[in-house]
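Chain by chain, the residues run as shown.
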Amino acid sequence: MNIDTIITQPFDDQRPGTSGLRKKVKVFQTPHYLENFVQAIFDTQVDLKGGTLVLGGDGRYYNREAIQVILRMASGNGVKKVLVGRGGLLSTPAASCLIRHYKTDGGIILSASHNPGGPDEDFGIKFNTPNGGPAPESVTDAIFQRTTEIAEYQIAQSKPIDLDILGSITLGETQIEIIDPVKDYADLMMALFDFNRIRMLFESGMFSMRFDAMHAITGPYATEILEGRLGAEPGTVINGTPKTDFGGGHPDPNLVHAHQLVALTKGAHAVNFAAASDGDGDRNMILGCNFFVTPSDSLAIMVANAHLIKGYSGGISGVARSMPTSQAADRVADKLGLPCYETPTGWKFFGNLLDARKITLCGEESFGTGSDHIREKDGLWAVLFWLNLLAVKQQSVEKIVTDHWKAFGRNYYTRYDYEAIDKTDAEALMASLRDKLATLPGQSLNGYPIEYADDFAYTDPVDGSVSERQGIRVGFADGSRIVFRLSGTGTEGATLRVYLEAYEEDPSKQLQSTESVMTALVDIALNLAEIEKRTGRTKPSVIT
Ligand code: G1P
Ligand code: ZN
């Protein structure tokens, strides 16, 4: 086997964001672009030499080509064994599961998550460490540093490898094992949830469900688990065949992008339960009959009910939520006497807390929930958690949620996104907010007294690392909150996210529309950040 050493030059834009390096496909197709980044992974993650690597992606456009390059580079860099999902496919949670299950030296996941796919759309790559989680900042910083000084990369000469046949092949000294992408993950789910009970729910004839895979990676997983192992009727999984362009859609499970599914929860033939996942399978949306569960509430409800679920019946050690996520989980943790952590946005901040067993459950407002079973958020896991809960409680989704509000209060919640705005304008907007912080506490805006205002900083309780400037928080005396931050995953200009939360303890006021409850807070947010003046936008691109 010949290994070529290719001379290359650094690119100056390979700093990983919230979740790996994400760029347009065209950027990744630039000669040496992908190779440089992959070589930077091999150069910095030295255990991969002579070690084992998990490799797979969400099946989007350029997935197969990138897998071929990475396999040849793995061989060129002395990796002993690579576990690849058949067809080059692995959901993000399944990759995390495999890294942990086979105790590998890490994994490379190809995905741009919920961003659209296709020749003119997005691609992404990230490295996960041996705990199965996204690399922490120390690792991504080292990889980035390496990309700035890279001069050559190693790549084996080889014909394309057949990714579609299960089994083992060798590429030089490297063993490549093409594995079933679903099996180990599905086995893990069976260990956590009461499949017999869920099967009885499906067999009762009183319960119907649809799962929208959005033409993305969870199709094969959901079909095997829901229709195969749990006996849900064929057709329960919709849009279940992964496509390289996600059928031209935006594979993000929210009320806007999963409207086809939302429609199935309404009207005379509405299903009892509906759920969707995103491009790479780590996000989830939970719906009941004509009812939407906010991701923040979903996390809180999981914490409150974990004792009813097989894999968590022994008790949970604590919970964490990302800073912009509503404080609904905090209220449950408080009542149950559980530790509750507030972390910066991004799943990587949960890793240390999970590894140190300080928490069992964690989640983000951005349709992400998960537990210590892996080190990524997990879309299908959340769906199975809810199915198990429905099977145990024999109640509707709506009843479970509204009872929860009665017991703990309701945190009304909404997020406004302003996408693809000018980067300089966005940064100026944030800088101007920062300048105002010191003078805000004590002031009243639209009759709302401000209790605190800060730029969120987080000190990791496990390793003491500090992450600063993680978003502006403005907290009001009645428990309401506005958060402003810039996205770290976008590939075009900047995206401003405005997160709004209002707390209501009184059950008689818990059934209002979120929009009506939020009017005053929205007004405060728009004025405080001078959004229209600074971005030229009169309304957000998406409201979730
Ligand atoms: C977004 C979400 C964040 C999530 C990340 C990866 O990041 O807000 O919660 O962890 O995608 O799925 P952002 O674009 O806001 O940086
Ligand atoms: Zn995702």
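Report follows, based on the coordinates. All chains use their own residue numbering, which begins from 1 and follows the written sequence. Here every chain gets a letter starting at A, and every ligand a number starting at 1, in the order they are written. Residue-level local features of this predicted model are given only where pLDDT is at least 70; pairs of side-chain atoms are given and counted only at 80 or more, and the full residue set underlies all totals for whole chains, interfaces and linings. Excluded from the side-chain calculations are hydrogens and water; all other atoms, namely the structure's heavy atoms, are used.

## Overview of the pattern of salt bridges
Side-chain pairs of opposite charge can arise where the charged atoms are in close proximity.
Thought 1: Any carboxyl oxygen of Asp or Glu within 4 Å of a side-chain nitrogen of Lys or Arg constitutes a salt bridge here. Overall, the coordinates contain 33 salt bridges when judged by the stated rule.
Thought 2: In this structure, Arg-321 engages Asp-330 in a salt bridge whose closest nitrogen and oxygen atoms are separated by 2.6 Å.
Thought 3: To sort residues, take the accessible area from a 1.4 Å probe on protein chains only and compare it with the maximum for the residue type: under 20% means buried, over 50% means exposed, and anything in between is partly exposed. Accessibility expressed as a relative area gives 22% for Asp-330, which makes it partly exposed.
Thought 4: Across the pair Lys-533 and Glu-530 runs a salt bridge whose closest N-O atoms are separated by 3.2 Å.

## Focus: the site of ligand 1
Thought 1: Any residue with a heavy atom positioned within 4 Å of a molecule or strand is treated as near that molecule or strand. Neighbouring residues of ligand 1: 13 residues in total, closest Ser-366, Ser-487, Gly-488, Thr-489 and Arg-497.
Thought 2: One of the side-chain nitrogen or oxygen atoms of Arg-283 is found 3.1 Å away from an oxygen atom of ligand 1.
Thought 3: Side-chain atoms alone can form a polar contact between residues adjacent in sequence; in general such a contact is a pair of N or O atoms within 3.5 Å, and within protein one must be able to donate a hydrogen while the other accepts it. Backbone polar atom of Gly-488 to an oxygen atom of ligand 1: 2.6 Å apart, as the coordinates give it.
Thought 4: With the chains in place, 99% of the 380 Å² that ligand 1 exposes on its own is no longer accessible.
Thought 5: Gly falls in the polar group here, along with every residue not listed as nonpolar (Ala, Val, Leu, Ile, Met, Phe, Trp, Tyr, Cys, Pro) or charged (Asp, Glu, Lys, Arg). When the residues that make up the shell around ligand 1 are grouped by side-chain class, the tally is no nonpolar, seven polar and six charged. In this description, accessible areas are obtained by the Shrake-Rupley approach with a 1.4 Å probe, and a residue is regarded as covered only by the protein chains that are shown.

## A short note on helix α4 (residues 92-101)
Thought 1: The buried fraction of α4 amounts to eight of the ten residues, a majority that puts the element mostly inside the structure.
Thought 2: Taken together, the buried positions of α4 are occupied by Thr-92, Pro-93, Ala-94, Ala-95, Ser-96, Cys-97, Leu-98 and Ile-99.
Thought 3: Should any heavy atoms of two residues lie within 4.5 Å, those residues are considered in contact. Every helix listed is a DSSP run of H or I at least four residues long, and every strand listed is a run of E at least two residues long, numbered separately from the N terminus. Contacts from the buried residues of α4 go to β3 (52-57), β5 (107-110), β6 (122-128), β9 (174-179), α6 (183-192) and α8 (218-229).
Thought 4: For α4, the N-terminal cap is Ser-91; the gap from its side-chain oxygen to the backbone nitrogen of Ala-94 is 3.0 Å.
Thought 5: In the stretch just after α4, Lys-103 is the one whose phi turns positive, near 50 degrees.

## Brief notes about the sheet that holds strand β17 (residues 361-364)
Thought 1: Any two strands are treated as partners once DSSP identifies two or more bridges connecting them. Read from one edge of the open sheet, four strands run β16-β15-β17-β18, paired in mixed fashion. Whereas interior strands pair on both sides, the edge strands pair on one side only; in this sheet they are β16 (340-343) and β18 (368-371). Sheet twist, expressed as the average angle between the axes of neighbouring strands with direction ignored, equals 15 degrees.
Thought 2: Sheet topology note: the strand β15 (residues 319-322)/β17 ladder contains three bridges and is parallel. In the strand pairing of β17, Ala-320 is matched with Cys-362. Each axis is a line fitted through C-alpha atoms, and for a helix only the stretch in contact is used; angles between axes span 0 to 180 degrees, taken between their N-to-C directions.

## So, the coordination of the zinc ion (ligand 2)
Thought 1: Metal coordination here is assigned from N, O and S atoms located within 2.8 Å of the ion, or within 3.2 Å for Na, K and Ca; omission of water means that sites may look incomplete. At the metal site, the zinc ion (ligand 2) is ligated by Ser-113 (OG), Asp-278 (OD), Asp-280 (OD) and Asp-282 (OD), and these contacts range over 2.0 to 2.1 Å.
Thought 2: Under the classification used here, a metal with four donors is tetrahedral if each angle lies between 85 and 135 degrees, square planar if opposite donors are over 155 degrees apart and the others between 65 and 115, a six-donor metal meeting that same test is octahedral, and anything else is irregular. Its four donor atoms give the zinc ion (ligand 2) angles of 86 to 162 degrees at the centre, a pattern that matches the irregular case.
Thought 3: When the donor residues of the zinc ion (ligand 2) are listed from N- to C-terminus, their spacing reads S-x164-D-x1-D-x1-D. Here Ser-113, found in the loop between β5 and β6, pairs with Asp-282, found in the loop between β12 (273-277) and β13 (284-288); they are 169 residues apart in sequence, far enough to count as distant.
Thought 4: Relative accessible area serves as the criterion here: at 3%, Ser-113 is assigned to the buried category.

## Structural notes on the side chain of Thr-104
Thought 1: Among the structural elements, Thr-104 can be located in the loop between α4 and β5.
Thought 2: Residue Thr-104 is classed as buried on the basis of its relative accessible area of 3%.
Thought 3: Reaching out from Thr-104, the side chain makes a polar contact with the backbone oxygen of Gly-106 at a distance of 3.0 Å.
Thought 4: Discounting residues that sit within four places of it in the chain, Thr-104 has contacts with Thr-52, Val-54, Leu-83, Leu-98, Ile-99 and Pro-130.

## Looking at the packing of helix α10 (residues 295-305) against helix α11 (residues 328-336)
Thought 1: Between α10 and α11, whose axes approach to 7 Å, the crossing angle comes to 15 degrees. Judged on the interaxial angle alone, α11 and α10 are roughly parallel. In the packing of α10 onto α11, the handedness of the crossing is right-handed. For the pair formed by α10 and α11, the contact residues are Ser-296, Asp-297, Leu-299, Ala-300, Val-303 and Ala-304 on the first element and Ala-328, Ala-329, Val-332 and Leu-336 on the second.
Thought 2: Residue classes in the contact of α10 with α11 are distributed as eight nonpolar, one polar and one charged. The labels follow the angle: roughly parallel below 35 degrees, roughly antiparallel above 145, roughly perpendicular from 65 to 115, and oblique for the rest. In a left-handed crossing the near helix is turned counterclockwise from the far helix by less than a right angle, and in a right-handed crossing that turn is clockwise.

## Here we look at the state of the cysteines
Thought 1: Note on disulfides: each one is a pair of cysteine sulfur atoms within 2.5 Å. Under the definition given, this model contains zero disulfides.
Thought 2: The cysteine Cys-340 is free of any disulfide, with Cys-362 supplying the nearest cysteine sulfur at 11 Å.
Thought 3: What makes Cys-362 buried here is its relative accessible area of 0%.

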